[in-house]
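# Architecture at a glance
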Amino acid sequence: MERQVVAVLFGGRSSEHSISSVTAGGVLRAIDRDRFRVIPIGITRDGVFVLEADDPDRFALDAARLPEVTDNGTRILWPEGGQDRSLRVRRADGEVEELGSVDVVLPILHGVHGEDGTVQGFLDTLGIPYAGAGVIDSALCMDKHFMKVALEASGVPVAPWVTVRERSWRADPGAVRSDAAGLGMPLFVKPARAGSSVGVSKVHTIDELDEALRVAFAEDEKVLVEQGISGREVEVAILEGSDGVVRASLPGEIVLTTREFYDFEGKYLGGDGVEVVCPADVDAASTDRIRDMGVRAFEAVDGRGLARVDFFLTADGLVVNELNTMPGFTPISMFPKCWIASGMSYPELISELLDTALGRAA
């Protein structure tokens, strides 16, 4: 049987460039080569599409040196539209080479210019099938403000918050401090459109708010200040299968021992003080509620393909923290771990995502 051609798209212009590249290493190592022929396409930090090496080791996770896509002189030439799906590359010497007709794209991009619906819209315009979230759910979930609005409108509980624009902070910092203090302590301060805990701070007293806002505004001019919720941090992986059925994995849990919150170092660099446990140690009734609420949240944002839904499990019930439409997808990330605990291997998970995209396009 002729193998289907998959363009794996990674890197990108966001601050999560290296994490996307690490994800690519895991996918390149695990994808079923008997079924799929892979074309690795990297996007540099400057937004240049290059043909990358099909070498998982090049993108391995290394705390001393996070991998990234560099400009190697090649340029990907995308199809011209219509029914054309032929992909070409222009080499550094100017020679143009045919890479083949692409059956499906696997965009494993995190952050802006990738996870926010922009790449999805580009591929929709070209008429090329792709795995994962679409334009609407990507855009909604990339912006934590609008994600909360959509969830709240659907009756999904979220943490109380205020949204702060940088111009508002400059114009009247006293009013912002007053609004934030009204939420109670502690607070979490987050860029509205960033992920992987980049730019996130925990605020214990109102005196710490100014510095937390400075850190967050370095990532985005729009920032959320959220009430800190006391509860266990549980997460569930959502998958729209090739049969069209949306299902939820067994839940996992982020167990913090000495770390304040699940920050970038704890997620990706092996920092002490945090454990990723899957399945979570919760009873059957709680497991059912978490899975049901995960599917509800996914449907509230018109989810497609996949998502990870993060919760706080409190004494009063579940509170949704956020959804990620391209969650951490490295082999050590929560999303694959939850599906592995639910009986699906990492290679099977990748195949399921691709089969869903191919089925949707058929």
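Here the structure is shown first, and the text comes after it.
Residues numbered from 1 in each chain as written. Predicted model: local features only at pLDDT ≥ 70, side-chain atom pairs only at ≥ 80, totals over all residues. Heavy atoms only, no water.

## Points about the sheet that holds strand β6 (residues 96-101)
The condition is simple: Pairing between strands is defined by DSSP: at least two bridges between them are needed. Helix and strand definitions follow DSSP, with helices as H or I runs of at least four residues and strands as E runs of at least two, each counted in order from the N terminus. Angles here are taken between N-to-C directions and fall from 0 to 180 degrees, while the axes themselves are lines fitted to C-alpha atoms, restricted in helices to the stretch in contact.
Here 3 strands make up an open sheet; going across it, the order is β4-β5-β6 and the pairing antiparallel. Every other strand in the sheet has two partners, leaving β4 (75-77) and β6 as the edge strands with one partner each. On average, each strand axis in the sheet is inclined to that of its neighbour by 25°, with strand direction left out of account.

## Remarks on the pattern of salt bridges
Where we set the bar: Any carboxyl oxygen of Asp or Glu that lies within 4 Å of a side-chain nitrogen of Lys or Arg is treated as forming a salt bridge with it. Only protein chains enter the calculation, and the probe is 1.4 Å; a residue is then buried if its accessible area is under 20% of its type maximum, exposed if over 50%, and partly exposed in between.
Tallying each qualifying case throughout the model produces 22 salt bridges. The partner of D54 in a salt bridge is R33, and the shortest N-O contact between them spans 2.7 Å. Of this pair, D54 sits in the loop between β3 (49-51) and β4 while R33 sits in the loop between α1 (17-30) and β2 (36-43), and the two are 21 residues apart along the sequence. You can call D54 partly exposed: its relative accessible area is 37%. For R33, a relative accessible area of 31% gives the class partly exposed. Put simply, E322 and K190 hold a salt bridge, and the shortest N to O gap is 3.7 Å. In this pair, E322 sits in strand β17 (residues 317-324) while K190 sits in strand β9 (residues 187-191), placing the two residues 132 residues apart along the sequence. We classify E322 as buried; its relative accessible area is 13%. For K190, a relative accessible area of 7% translates into the label buried. By sharing partners, the salt bridges in this structure join D143, R165, R193, D220, E221 and K222 into a single network.

## Details of the packing of α1 against helix α11 (residues 346-361)
Angle between the axes and distance between the axes: these two values describe a pair of packed helices. The test is simple: Here is the rule for angles: anything less than 35 degrees is roughly parallel, anything more than 145 is roughly antiparallel, 65 through 115 is roughly perpendicular, and the remaining ranges are oblique. Between two residues, a contact is recorded if the distance between any of their heavy atoms is within 4.5 Å. Each residue receives one of three labels: charged for Asp, Glu, Lys and Arg, nonpolar for Ala, Val, Leu, Ile, Met, Phe, Trp, Tyr, Cys and Pro, and polar for the others, Gly being one of them.
Two elements in contact, α1 and α11, have axes separated by 9 Å at closest approach and are oriented at 95°. By the angle class used here, α1 and α11 are roughly perpendicular. Between α1 and α11, the residues in contact are T23, G26, V27 and A30 and Y346, P347 and I350, respectively. Of the residues in the contact of α1 with α11, the class split is 5 nonpolar, 2 polar and no charged.

## A look at empty space enclosed by the protein
Worth spelling out the cut-off: Both site types are read off a 1 Å grid over the protein atoms alone. A 1.4 Å probe that fits but cannot get out defines a cavity, while an open set with protein on both sides within 12 Å along at least five of seven lines defines a pocket; lining residues have an atom within 4 Å of a point. Grid points are joined across faces, edges and corners, and a volume is the space filled by probe spheres set on the points.
Applying the stated criterion to the full structure yields 2 cavities of 30 Å³ or more. Of the pockets and cavities examined, the largest cavity occupies roughly 90 Å³. Among the elements of the structure, α3 (135-142) and β17 are those that each provide at least two residues to the lining of the largest cavity. Top element by residues in the lining of the largest cavity is β17. It accounts for 3 residues. Tallied by class, the residues present in the lining of the largest cavity amount to 4 nonpolar, 4 polar and 4 charged. Forming the boundary of the second largest cavity are P107, G114, E115, Q120, A131, G132, A133, S138, T325 and M326. Looking at the lining of the second largest cavity residue by residue, the class counts come to 4 nonpolar, 5 polar and 1 charged.

## Some details on the environment of R193
As for its placement among the helices and strands, R193 is situated in the loop between β9 and β10 (201-203). R193 sits in the partly exposed class, given a relative accessible area of 26%. Distance in space between the C-alpha atoms of R193 and E219 is 8.0 Å, their sequence separation being 26 residues. In this structure, R193 is in contact with V112, M142, D143, R165, D220, E221 and K222, ignoring residues within four places of it in sequence.

## Overview of the layout of surface pockets
The rolling of a water-molecule-sized probe over the atoms marks out the regions of remaining empty space. Considering only enclosed or pocket space, the second largest pocket measures out at about 150 Å³ in volume. If you trace the second largest pocket, you find it lined by V22, G25, G26, R29, P56, F59, A60, L61, T330, P331, I332 and Y346. A total of 4 residues in the lining of the second largest pocket trace back to one element, the largest contributor, which is α1. When the residues that make up the lining of the second largest pocket are grouped by side-chain class, the tally is 8 nonpolar, 3 polar and 1 charged.

## Considering α11
Because each turn of an α-helix spans 3.6 residues, side chains separated by three or four positions end up pointing in the same direction. Going by this rule: The span expected for a helix works out to 1.5 Å for each residue beyond the first.
Taking 1.5 Å per residue as the helical rise, α11 with its 16 residues ought to reach 22 Å, and the 23 Å between its terminal C-alpha atoms agrees with that figure. Buried within α11 we find Y346, L349, I350, S351, E352, L353, L354, T356, A357 and L358.

## Brief notes about unusual backbone geometry
Peptide bonds are, in most cases, trans, and in most cases residues other than glycine have a negative phi. The amide bond that connects M185 to the next residue, P186, takes the cis arrangement and shows omega of 0°. Following the sequence through the fold, P186 ends up in the loop between α6 (173-181) and β9. Each neighbour pair has its own omega, and for C278 with P279 the value is 0°, a cis peptide bond. Relative to the elements of secondary structure, P279 occurs in the loop between β15 (274-277) and α9 (284-300). For H113, which is not a glycine, the phi torsion comes out positive at approximately 60°.

## So, the side chain of D137
Defined as follows: When charges are counted, Lys and Arg are positive and Asp and Glu negative, with His and the chain ends excluded. By the criterion applied in these results, polar contacts are pairs of N or O atoms within 3.5 Å in which, for protein atoms, one can donate a hydrogen and the other can accept it, and in which residues neighboring in sequence qualify only through two side-chain atoms.
Turning to its location among the elements, D137 is positioned in helix α3. For D137, which is buried and forms no salt bridge, the nearest opposite charge comes from R304, at a distance of 5.7 Å. Within the structure, the side chain of D137 is placed 2.9 Å from the backbone nitrogen of G134, a separation counted as a polar contact. Not counting residues up to four positions away in its chain, the partners in contact with D137 are V301, D302, G303, R304 and T325.

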